[in-house]
Amino acid sequence: MNTIKSKLLLFTFSMLVFSCQEKKNKSDASHNKTVDKNGRSEKYVVIDSPCELISIEEVKRMFAVEEYTIAMKDVVYTYPTCIFKWDDGKITTSVSFGGQEIKSTRPSEVLIVMIKKANAAMFKRSTSIYKEPQEISNIGTMAVWDARISQLTFLSNKYMFHVHVKVTPNATENKEKAIEVSEHIIKKMNKS
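Now for a look at the structure at hand. (Residues numbered from 1 in each chain as written. Predicted model: local features only at pLDDT ≥ 70, side-chain atom pairs only at ≥ 80, totals over all residues. Heavy atoms only, no water.)

**Topic: the overall build of the chain**
Then comes step 1: Each helix and strand in the chain was counted, giving 4 helices and 9 strands.
Then comes step 2: Of the regular secondary structure in the chain, the N- to C-terminal order runs α-β-β-α-β-β-β-α-β-β-β-β-α.
Then comes step 3: For the chain, the residues scored as buried account for 34% of the 192 residues in total.
Then comes step 4: When contacts within the chain are restricted to residue pairs at least 6 apart in sequence, those whose partners lie at least 24 apart make up 51%.
Then comes step 5: Working note: accessible area of the chain is about 12,500 Å², and carbon and sulfur atoms make up 55% of it. (Helix = DSSP H or I, 4+ residues; strand = E, 2+ residues; numbered from the N terminus. Buried < 20%, exposed > 50% of the residue type's maximum accessible area, 1.4 Å probe, protein only. Contact = heavy atoms within 4.5 Å. Areas by Shrake-Rupley, 256 points an atom, 1.4 Å probe, with all protein chains shown as cover.)

Take a look at the structure:
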């Protein structure tokens with residue numbers, strides 16, 4: 001009798017687990033798409049790191065630096081961050097010390113910070129510190145560039161990205177490259 005009871009209990013437990021798993025699968029499928037206010041369906045993507053959206057080879061092509069070794073870091077500081085750096089001698093700094101000017105070079109860099117479950121209020125709060133905000137059209141839901149910190153922030157598919165590009169002393173060129181990286185990220189997200 002004990003054997004029958006334990007087999008019955010095991011069967012019942014297995015059926016519960018199976019039915020819960022089936023509900024979870026149906027629920028996950030229904031969360032793959034959401035509907036925005038205009039009735040269009042918007043794909044919901046799950047990305048854990050911005051490094052999933054851009055590779056070293058793509059950075060080499062975008063920035064025409066095929067001949068340089070690019071270091072890539074996939075880290076989480078406050079948020080998931082993807083960092084690309086290479087030494088091409090284009091970024092220089094100078095400081096005066098004891099009456100002498102000291103010049104040094106820094107690596108060119110592209111940093112991409114990703115914030116999940118972002119919304120317009122978070123975007124506005126995040127970009128409120130920009131001293132020279134410049135709205136950029138046709139990048140995600142909303143986008144702002146600040147030349148002072150050489151960063152473009154955009155909102156797309158419930159993700160907010162900060163794209164910092166410092167690859168030249170020219171702010172306009174950095175902005176153009178930040179836009180190119182942002183468009184690439186959005187395109188990759190839409191394919192996911």
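**Describing helix H4 (residues 171–191)**
For the α-helix, the turn length of 3.6 residues means that residues three or four positions removed from each other point alike.
Then comes step 1: Here H4 is 21 residues long and its end C-alpha atoms lie 30 Å apart, about the 30 Å a rise of 1.5 Å per residue gives.
Then comes step 2: Those residues of H4 that sit buried are Asn174, Lys175, Ala178, Ile179, Val181, Ser182, His184, Ile185, Ile186 and Met189.
Then comes step 3: The inward-facing, buried residues of H4 contact helix H2 (56–63), strand S5 (100–116), strand S6 (133–135), strand S7 (142–146), strand S8 (151–156) and strand S9 (159–166).
Then comes step 4: Its side-chain oxygen at 2.8 Å from the backbone nitrogen of Thr172, Asn170 defines the N-terminal cap of H4. (Expected span 1.5 Å × (residues − 1). Polar contact = N/O pair within 3.5 Å; in protein donor to acceptor, adjacent residues only side chain to side chain.)

**Some remarks on the pattern of salt bridges**
Then comes step 1: By the definition in use, this model includes 6 salt bridges.
Then comes step 2: Across the salt bridge formed by Lys116 and Asp48, the nearest N and O atoms sit 2.9 Å from each other. Taken together, the residues span a long stretch of sequence, with Lys116 in strand S5 and Asp48 in the loop between strand S2 (41–43) and H2 at a distance of 68 residues.
Then comes step 3: Residue classification places Lys116 among the partly exposed positions, given a relative accessible area of 37%.
Then comes step 4: The residue Glu109 makes a salt bridge to Arg106 at a minimum N-O spacing of 3.8 Å.
Then comes step 5: Residue class for Arg106 comes out partly exposed when judged on its relative accessible area of 36%.
Then comes step 6: Residues joined in a network through salt bridges with shared partners are Lys85, Arg106 and Glu109. (Salt bridge = Lys/Arg side-chain N within 4 Å of Asp/Glu carboxyl O.)

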